[in-house]
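Working through the structure, step by step
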Amino acid sequence: MPTRARELQLNYFRASIGVANIKGGAGILRNLKGHQKSDLIDGAESPEISAVYDRARERVLTDQREAGLDRVVEGQLRWDDMLAHPLCIHDAVDTKGIVRYYDNNNFYREPVVEGDLDFDGDLAADLETAAEAVESESLQAVIPGPYSLSDLATDDYYGDEAAFIEGITDFLVGEVEAFPETETLFALEPSLVVNPPGDGADERASEAIGRVAEATDAEVVVHTYWGALSEKVHAHLLDAAIDAVGYDFVSDHEASLYNISEYGTKESVALGVVDGQNTLVEDPETITERVEWVEEKLPVQGFDRTYVTPNSELFYLPVAKYREKLAALAEAASPAEVSAA
Amino acid sequence: MSADRDAGDRTGGDGDRASGDSAGIGEGASSREAFRPPDHPNDHFILTTVVGSYPKPKWLNRARDLHADADSGFDDGDWAEATSDASRLIVDEHECAGLDAVVDGEMGRNEMVEYFAHRIPGYEFHGRVKVWGHNYFDKPSVVDEVAYDEPWLVDEFDFTNEVASRPVKVPITGPYTLASWSFNEYYENEEELAYALAELVNQEVEALVDAGARYVQIDEPALATTPDDHAIVGECLELIADGIPDDVRIGLHVCYGDYSRIYPEMLDFPIDEFDVELANDDYAQLDVFTEPEFTKDLALGVVDAHTAEIEPVEEVKRNITKGLEVVLPERLTVSPDCGLKLLPREAAYGKMKNLVEAARAVERDLDRGDLDVATPASADD
């Protein structure tokens, strides 16, 4: 049996959590930022506000390293608009009313694209800051996938759906090309599950994802969540030039397993086995069992690399619970477990 | 996710409370006459009220900060006194505006889930989570079986009822919303948690009724997020209404949703009144409620809760007549779209005052026959 490198990987956790709970952080930001729509992060925040985010970023990087994760992220703390962030802060985008973020009790400003989405550099700047603090072999970039980003936004410039996702893809390619060296890039694509593309659009979504993946030398994981991909969307996604697909084994483990059984998957895989939206902290043993359950059920000889990860972003959790989740993840995926498997 | 029930599985509507059958119509209409003030100037009576929350006086927010600071010496007794003062003030403000059924503006409640979770054994708090932008709430976790310990709102009702000269409405967060907006660590699924909480809400409503409450509004904003769960909300309401006397008016408030996904199923809910926000998008969804016939009392939002501009009386009158396209005047209640707590207080008061003035004007027009009310889509008989 080939050796499996079961690498633990933590995907996109935002510590709105971290910021709110760093001593004084919440109060400082409340005073500096305010509570209204116009007070959200816009990419041109004051040095005082930036300093608060920088301290919070250091804190969440420390949290991840102390937990013992193999991959760490910069935390996406500035993403007030969640996955829509890169558009909401862009000069060619106008932000309208507050709209619901998928089926959650969370809201983001609806981005309306009103001009050419040229290079911005906001994502790269945050990643650069993190790269100064951690080794590139443990750093992971996180981006919204092109399909989800276009799904969350409204087009008032490109004209039709195909042109819009192409414009968004060009934009993401430019952003990713500016990234410092990272080991992994996670592209988050919940919309592929929640609001799946229809005929034609499914193919375009996969092409878009492939183009973004080509913009980096990092290993690219396209992570899907809040259920399982439809068979057709899954099949198209496997055509994209990516290294791994991420599956949600919390929301619908049977359907996720079915997809891999029926259609296979890439050489590596990401398994979302920790619930990012419940304060119930999984035991390390439970996490290990879930990973083994997937591996045992599949008629394959194991994966090149298994990313063990929460199914969703972690910003839904109070900060104490997200730290407990990280610790459980790290323990479950420790080398001892791998060699024992 | 949640159970794949649909309307066909429901057992709702077989209770003895108003359930969308002909008996229900009479009950709804009679329970509202109790709210007609003795000096009501018109023959027609459109019940005016608010959804619930109201802007807090600034000093109350300062008092809350003091109360949260252990070193301040501002103890629980001081806090109770502060909230009582604020409640008295807001009840008075509601009466000044001329509302027929008043609320204390929820002065003692911090947030619509947190407040109840603090009073329900089985809940724990682990810290704040983001809602949007830099707005957070202390989202609780259910870590054990939920239970009823001591009354949640009876003290609030007793006080409000004592200081009010008008009838008091009691808004209470519904079990479906309490379940949806919590982390569920204990129950098999959210649905089971919602039913367990519904039993507790039933006990609380019984306690409120024993204390003299005659108008209770169940708030279920979470239904707007997941309208396909309407059967779960219906089942919760059956549990809540169980054993509650017919002369107690039970309302259901839902806001900012796609109502076509819960109508007409909601007509089977054992409630007297359905309260919806429609002014917000200028009654674009009004037609949803005309087919089939609307058989509950309609509590219609006639002023927007999220714009600070005070709608002129003429505009509010026009909005009220929108309601008459759905129900007859004796089945119409009018209120703001939603809780007013995010508005400047002057704007909240101005909206209520114009709301009452407009309702009285519409009643006058109806009395005189000046208002041509098309009979709402009526049943075949």
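Residues numbered from 1 in each chain as written. Chains lettered and ligands numbered in written order. Predicted model: local features only at pLDDT ≥ 70, side-chain atom pairs only at ≥ 80, totals over all residues.

Another aspect to go through is the overall build of chain B. From N to C terminus, chain B includes ten helices and twelve strands. If you line up chain B on its principal axes, its C-alpha atoms span 65 × 50 × 40 Å. Within chain B, the proportion of its 381 residues that are buried is 51%. Partitioning the contacts of chain B with sequence separation of at least 6, the portion at a separation of at least 24 is 78%. (Helix = DSSP H or I, 4+ residues; strand = E, 2+ residues; numbered from the N terminus. Buried ≥ 20, exposed ≤ 12 C-beta atoms within 10 Å, placed from the backbone. Contact = placed C-beta atoms within 7 Å.)

Now for the overall build of chain A. Of regular secondary structure, chain A possesses 14 helices and nine strands. By the burial criterion, 54% of the 341 residues in chain A qualify as buried. For chain A, long-range pairs separated by at least 24 residues make up 78% of all intrachain contacts whose partners lie at least 6 apart in sequence.

Across the boundary between the two partners, chain B contributes 18 residues, which contact 27 residues of chain A. The dominant element in the side of chain B that touches chain A, judged by the number of residues it contributes, is strand 3 (residues 129–132) of chain B, at four residues.

Residue and element names in this part refer to chain A. In space, the six strands of this open sheet follow the order 3-5-6-7-8-9, with parallel pairing throughout. One side of each edge strand has no neighbouring strand; the edge strands of this open sheet are strand 3 (140–144) and strand 9 (306–310). Averaged over all pairs of adjacent strands, the angle between strand axes in this sheet comes to 25 degrees, irrespective of strand direction. Relative to strand 6 (residues 219–223), strand 5 (residues 184–188) runs parallel, the two being bridged by five bridges. Residue pairing across strands places Phe186 opposite Val221, the latter belonging to strand 6. (Pairing = 2+ DSSP bridges. Axes fitted to C-alpha atoms, helices over the stretch in contact; angles between N-to-C directions.)

Low-pLDDT portions of the prediction should not be read for the details of their coordinates. All names here are of chain A. In the predicted model, chain A carries a mean pLDDT of 86, and 86% of its residues have values of at least 70. Confidence drops under pLDDT 50 across residues 1–27; counting only partners more than four residues distant or on other chains, this segment forms 97 contacts. Across residues 336–341, where pLDDT falls below 50, the model places five contacts with residues more than four positions away in sequence or in other chains. (pLDDT = per-residue confidence, 0-100.)

All names here are of chain B. As defined by bridge partners, strand 3 adjoins strand 4 (residues 135–137) across three bridges and the pair is classed as antiparallel. Bridge assignment links Lys130 to a residue of strand 4, and that residue is Tyr136. Here strand 3 folds back onto strand 4, and the loop between the two strands holds two residues, one of which, Gly133, carries a positive phi near 50 degrees.

Ranked by size, the top nonpolar core spans 101 residues in total, and within it Val170, Leu197, Val216, Leu237 and Leu355 of chain B carry the most contacts. Setting aside residues up to four positions removed in sequence, Leu355 of chain B forms contacts with Thr48, Val302, Val303, Val316, Val334 and Pro336 of chain B. By size, the runner-up hydrophobic cluster in this structure holds 95 residues, among which are Ala67, Val176 and Ala213 of chain A together with Val129 of chain B. (Core = buried A, V, L, I, M, F, W, Y, C linked by C-beta atoms within 7 Å.)

Turning next to unusual backbone geometry. All names here are of chain B. The linkage connecting Tyr263 with the following residue, Pro264, adopts the cis geometry, with an omega of 10 degrees. Among the secondary structure elements, Pro264 is positioned in the loop between strand 9 (249–254) and strand 10 (273–276). Between Glu291 and Pro292 the backbone carries a cis peptide bond, its omega angle lying at -5 degrees. Even without being glycine, Asp282 reaches a positive phi, approximately 55 degrees.

This part is about helix 3 (residues 76–97) of chain B. An α-helical turn contains 3.6 residues, so a residue and the one three or four places further along point in the same direction. All names here are of chain B. The terminal C-alpha atoms of helix 3, which comprises 22 residues, lie 31 Å apart, in line with the 32 Å expected from a rise of 1.5 Å per residue. For helix 3, the full list of buried residues reads Ala82, Thr83, Ala86, Ser87, Ile90, Val91, Glu93, His94 and Ala97. One face of helix 3 carries all of its buried residues, which in axial projection span an arc of 165 degrees. Those residues of helix 3 that are exposed and angled more than 90 degrees off the buried face are Gly77, Glu81 and Cys96. Looking at the buried positions of helix 3, the neighbouring elements they touch are helix 2 (58–68), helix 5 (154–163) and helix 10 (345–368). (Expected span 1.5 Å × (residues − 1). Arc of directions from axis to C-beta.)

Turning next to the packing of helix 2 of chain B against helix 3 of chain B. Residue and element names in this part refer to chain B. Between helix 2 and helix 3, the shortest axis-to-axis distance is 10 Å and the interhelical angle comes to 165 degrees. Here helix 2 is positioned roughly antiparallel relative to helix 3, judged by the angle of their axes. Between helix 2 and helix 3 the crossing geometry is left-handed. Listed contacts from helix 3 to Leu60, Ala63 and His67 of helix 2 are Trp79, Ala82 and Ala86. (Parallel < 35°, antiparallel > 145°, perpendicular 65-115°, else oblique. Left-handed = near helix turned anticlockwise from the far one by under 90°.)

Turning our attention to the sheet that holds strand 1 (residues 47–48) of chain B. Residue and element names in this part refer to chain B. The strand order 1-12-11-10-9-8-6 describes an open sheet built from seven strands, whose pairing is parallel. The open sheet has two edge strands, strand 1 and strand 6 (170–173), and neither has a second partner. Of the pairings in the sheet, the one linking strand 11 (residues 297–303) to strand 12 (residues 332–336) comprises five bridges and is parallel in character. Considered in strand 12, the bridge of Leu298 is made with Leu332. Of the strands in this sheet, strand 1, strand 11 and strand 12 are in contact with helix 10, which crosses strand 12 at around 160 degrees.

A separate point is helix 3 (residues 47–67) of chain A. Along its 21 residues, helix 3 of chain A runs 30 Å from first to last C-alpha, staying within 8% of the 30 Å computed at 1.5 Å per residue. Those residues of helix 3 of chain A that fall on the buried side of the exposure criterion are Val52, Tyr53, Ala56, Arg57, Val60, Leu61, Asp63, Gln64 and Ala67 of chain A.

Residue and element names in this part refer to chain A. It is at 9 Å that the axes of helix 7 (residues 161–177) and helix 9 (residues 201–214) come closest, and there the two elements cross at 15 degrees. As far as their axial angle goes, helix 9 and helix 7 are roughly parallel. When you trace helix 7 past helix 9, the crossing you get is right-handed. Note on element contacts: helix 9 touches helix 7 through Ala201, Arg204, Ala205, Ala208, Arg211 and Val212, opposite Glu161, Ala162, Ile165, Thr169, Leu172, Val173 and Val176. Taken together, the residues of the contact of helix 7 with helix 9 break down into nine nonpolar, one polar and three charged. (Nonpolar A, V, L, I, M, F, W, Y, C, P; charged D, E, K, R; others polar.)

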